[in-house]
There are 2 protein chains.
Amino acid sequence: MTTITARERLINAAIEAFAEKGFAGTTTRDIASRAGMSPAAVYVHHDSKESLLFTVSLNGHRSALEVITSAAASSSEPVQRLRAMVYDFSLWHADHSRVGRIVQYEYHALTDEHRAEVATYRRSIEKAMQDALADGVDQGALDVDDVPGTAFSLLSLGVDLVRWFEPGGSRSGHELASLHADLAVRMTRPT
Amino acid sequence: MTTITARERLINAAIEAFAEKGFAGTTTRDIASRAGMSPAAVYVHHDSKESLLFTVSLNGHRSALEVITSAAASSSEPVQRLRAMVYDFSLWHADHSRVGRIVQYEYHALTDEHRAEVATYRRSIEKAMQDALADGVDQGALDVDDVPGTAFSLLSLGVDLVRWFEPGGSRSGHELASLHADLAVRMTRPT
DNA sequence: TACCGCCCTAAGCGCTTGCTTAGCATGCAA
DNA sequence: TTGCATGCTAAGCAAGCGCTTAGGGCGGTA
């Protein structure tokens, strides 16, 4: 059986609140009441509002990196691998649009130290996509003029989902992930 | 000669502040001091903090719509027109990354009435891109499976620039706009 | 000199903020 | 029964918030 600790309940409450109102627009009282606790309870389990943000952001970055890394390892055939990476990365952003919104839009609200720590994950994500494109070009399976720029653009498609995606909307996460994967193949298809 | 009124100075200060710290994270005292005025001066020229945001957001939406509309009118040849639209839209987001950030990320901070007003501009922008793709398909010059989805994805490339673009960075707005235009052509190229 | 209209500010009001402090209830060990 | 650790809260502090009020300074007209 899974027990949710008070600490985790507060983290889940913070995810809801930060995604809905932004970090600066969220009060610690709001987080506490979403978790069904008193305002002081936040500080029993967490150091500060910013450390709650860091926890959410760090977990989110780790999760996103893991998704794209395991997609990269799923195949050695360049087109199939690219498909899997774009599909899974976009699907992650649809399935975790609230965490994703915090990861992307509250990045600047982290302290300098915390932002630096999280930045290493971002670079790893970019590198994974660049490596997949470069390898595909080397193997002659993909045609890409600007590897870093194309890699960044492919990630942008997924990241931008968090700006507007809502579960239950007119398009499912799977549909959007398929669309992005198709576009990725078109973008890198040899003539 | 161009005179900048106190009202405009406050708007420019608000653009700086909102883009840097977000709407909720910005104080009216910060806006006033950036404009070299006292805190009370904000309310001499503007009704509220939110009405300042609305002014910035509305101007930004109008400007972006104008850019993509005139690009759409620049050519009747589908590939050239698509290139122009993607290029200009992305370049606008690079050149106006601070206003663009406010337009995109503070959309939810508007009042319901103001958000509804601004939403009409967003729909017009999406429609312009969809129409350009649909017309290109009709003329047989473009191959697009999912017109609304592809249109949205092309706009995403430009919009996502505001998340990270800084003038003086490693890539210029023109370089990024060229990249996006190239990718757009690849995405819609017939086999 | 007297007056007006325009811009702007000093001061502050009522409220909310992140966070702290002091202490209470519960359960377990001896 | 006593002692103590654990997990929480009531109350509140200093600071900062959006916004208002009352009035000062100044250029132009007469």
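Above this text is the structure in question.
For clarity, every value in this text was computed on a predicted model and none was experimentally measured.

## Section: the interface of chain A and chain B
Then comes step 1: Contact residues are listed per partner, giving 32 residues for chain A and 32 residues for chain B.
Then comes step 2: At the boundary of chain A with chain B, total buried surface from both sides reaches about 2500 Å², with 51% on carbon and sulfur atoms.
Then comes step 3: The three residues of chain A that bury the most area against chain B are Arg163, Arg186 and Met187 of chain A, which together make up 24% of that side's buried surface.
Then comes step 4: For the pair chain A and chain B, the interface holds six salt bridges.
Then comes step 5: Taking the shortest distance from any N to any O, the salt bridge between Arg171 of chain A and Asp146 of chain B comes out at 2.7 Å.
Then comes step 6: Remark: the boundary between chain A and chain B carries eleven residue pairs in polar contact (both at pLDDT 80 or more).
Then comes step 7: Contributing elements (two or more residues each) for the side of chain A that touches chain B: α1 (6-21), α6 (97-105), α8 (147-159) and α9 (173-187) of chain A.
Then comes step 8: When grouped by side-chain class, the residues that make up the side of chain A that touches chain B number eleven nonpolar, ten polar and eleven charged.

## Here we look at the packing of helix α5 (residues 78-95) of chain B against helix α8 (residues 147-159) of chain B
Then comes step 1: Closest axis-to-axis distance for the α5 of chain B/α8 of chain B pair is 8 Å, and the angle between their directions is 30°. Judged by residue contacts, Leu82, Val86, Phe89, Ser90 and His93 of chain B of α5 of chain B engage Leu154, Leu155, Leu157, Gly158 and Val159 of chain B from α8 of chain B.

## Thoughts on the layout of surface pockets
To locate leftover empty space, one rolls a probe as large as a water molecule over the atoms.
Then comes step 1: A volume near 300 Å³ is recorded for the second largest pocket.
Then comes step 2: Taken together, 19 residues line the second largest pocket, and the ones lying closest to its centre are Trp164, Ser170, Arg171 and Leu176 of chain A together with Phe152 of chain B.
Then comes step 3: Where the lining of the second largest pocket is concerned, the elements lending two or more residues are α9 of chain A together with α7 (112-138) and α8 of chain B.
Then comes step 4: The greatest single-element share of the lining of the second largest pocket, amounting to five residues, is contributed by α8 of chain B.
Then comes step 5: Broken down by class, the residue content of the lining of the second largest pocket amounts to eight nonpolar, seven polar and four charged.

## Examining the protein's contact with DNA strand C
Then comes step 1: Not every one of the 16 residues close to DNA strand C is listed here, only the nearest: Thr27, Arg29 and Tyr43 of chain A together with Ser38 and His45 of chain B.
Then comes step 2: In DNA strand C, atoms within 4 Å of the protein come from the sugar-phosphate backbone in 55% of cases.
Then comes step 3: Taking Thr26 of chain A, its main chain carries an N or O atom lying 3.0 Å from a phosphate oxygen of DNA strand C.
Then comes step 4: At 3.0 Å from a phosphate oxygen of DNA strand C is found a side-chain nitrogen or oxygen belonging to Lys49 of chain A.
Then comes step 5: Residue assignment for the surface near DNA strand C shows that the elements contributing at least two residues are α2 (28-34) of chain A together with α3 (42-45) of chain B.
Then comes step 6: Looking at the surface near DNA strand C residue by residue, the class counts come to seven nonpolar, six polar and three charged.

## Observations regarding the environment of Ala109 of chain B
Residues and elements named next belong to chain B.
Then comes step 1: Among the structural elements, Ala109 can be located in the loop between α6 (97-105) and α7.
Then comes step 2: Considering only alpha carbons, one finds Ala109 and Tyr121, twelve residues apart in sequence, at a separation of 17 Å.
Then comes step 3: If we skip the residues at most four places from it in the chain, Ala109 touches Phe23, Glu50 and Leu53.

## Details of the packing of aromatic side chains
Then comes step 1: Evaluated as defined, the whole model comprises seven aromatic pairs over all chains.
Then comes step 2: Between Trp164 of chain A and Phe152 of chain B, the ring centres sit 5.0 Å apart and the planes meet at 55°, which makes this aromatic pair tilted. In this pair, Trp164 of chain A is assigned in the loop between α8 and α9 and Phe152 of chain B in helix α8, connecting two distinct chains.
Then comes step 3: Given the relative accessible area of 33%, Trp164 of chain A is considered partly exposed.
Then comes step 4: Residue classification places Phe152 of chain B among the partly exposed positions, given a relative accessible area of 24%.

## With respect to the pattern of salt bridges
Residue and element names in this part refer to chain A.
Then comes step 1: Evaluation of the coordinates by the stated rule reveals 26 salt bridges over all chains.
Then comes step 2: The partner of Asp182 in a salt bridge is Arg83, with the nearest N and O atoms 3.0 Å apart. Highlighted residues: Asp182 in helix α9 and Arg83 in helix α5 (residues 78-95), separated in sequence by 99 residues.
Then comes step 3: Residue Arg83 is classed as partly exposed on the basis of its relative accessible area, which comes to 34%.
Then comes step 4: Here the salt bridges share partners, and the residues they tie into one network are Glu16, Glu20, Lys21, Asp30 and Arg34.

## Some details on the protein's contact with DNA strand D
Then comes step 1: DNA strand D sits among 16 residues. The nearest are His45 of chain A together with Thr27, Thr28, Arg29 and Tyr43 of chain B.
Then comes step 2: In DNA strand D, atoms within 4 Å of the protein come 54% from sugar and phosphate.
Then comes step 3: Measuring from a phosphate oxygen of DNA strand D, one finds a side-chain N or O atom of His45 of chain A at 2.5 Å.
Then comes step 4: Contacts to DNA strand D include Thr28 of chain B, whose backbone N or O atom sits 2.9 Å from a phosphate oxygen.
Then comes step 5: At the level of elements, α3 (42-45) of chain A together with α2 (28-34) of chain B are the ones that each hand at least two residues to the surface near DNA strand D.
Then comes step 6: For the surface near DNA strand D, a count of residues per class yields seven nonpolar, six polar and three charged.

## A closer look at the relation of the copies chain A and chain B
Then comes step 1: Taken as rigid bodies, chain A and chain B are interconverted by a rotation of 180° and an axial shift of 0.0 Å, the fit giving an RMSD of 0.1 Å. Such a combination of turn and shift is consistent with a two-fold rotation axis.
Then comes step 2: When the interface residues of chain A are mapped onto chain B, 100% of them again lie at the interface, so the same face is used by both copies.

## Considering the packing of α5 of chain A against α6 of chain A
Residues and elements named next belong to chain A.
Then comes step 1: It is at 5 Å that the axes of α5 and α6 come closest, and there the two elements cross at 100°. On the basis of their axis angle, the class for α5 and α6 is roughly perpendicular. For the pair α5 and α6, contact is made by Trp92, His93, Ala94 and Asp95 and by Ser97, Val99, Gly100 and Gln104, respectively.
Then comes step 2: A class-by-class count of the residues in the contact of α5 with α6 yields three nonpolar, four polar and one charged.

Criteria and cut-off values
- Residues numbered from 1 in each chain as written.
- Chains lettered and ligands numbered in written order.
- Predicted model: local features only at pLDDT ≥ 70, side-chain atom pairs only at ≥ 80, totals over all residues.
- Heavy atoms only, no water.
- Contact = heavy atoms within 4.5 Å.
- Buried area = accessible area lost by both parts, 1.4 Å probe.
- Salt bridge = Lys/Arg side-chain N within 4 Å of Asp/Glu carboxyl O.
- Polar contact = N/O pair within 3.5 Å; in protein donor to acceptor, adjacent residues only side chain to side chain.
- Helix = DSSP H or I, 4+ residues; strand = E, 2+ residues; numbered from the N terminus.
- Nonpolar A, V, L, I, M, F, W, Y, C, P; charged D, E, K, R; others polar.
- Axes fitted to C-alpha atoms, helices over the stretch in contact; angles between N-to-C directions.
- 1 Å grid on protein atoms, 1.4 Å probe; cavity = no way out; pocket = protein on both sides within 12 Å on 5 of 7 lines; lining within 4 Å.
- Points joined across faces, edges and corners; volume = space filled by probe spheres on them.
- Near = heavy atom within 4 Å.
- Phe/Tyr/Trp six-rings, centres within 6.5 Å; stacked < 30°, edge-to-face > 60°.
- Buried < 20%, exposed > 50% of the residue type's maximum accessible area, 1.4 Å probe, protein only.
- Least-squares fit on C-alpha atoms with pLDDT ≥ 70 in both.
- Parallel < 35°, antiparallel > 145°, perpendicular 65-115°, else oblique.

In short, geometric facts, not functional conclusions.
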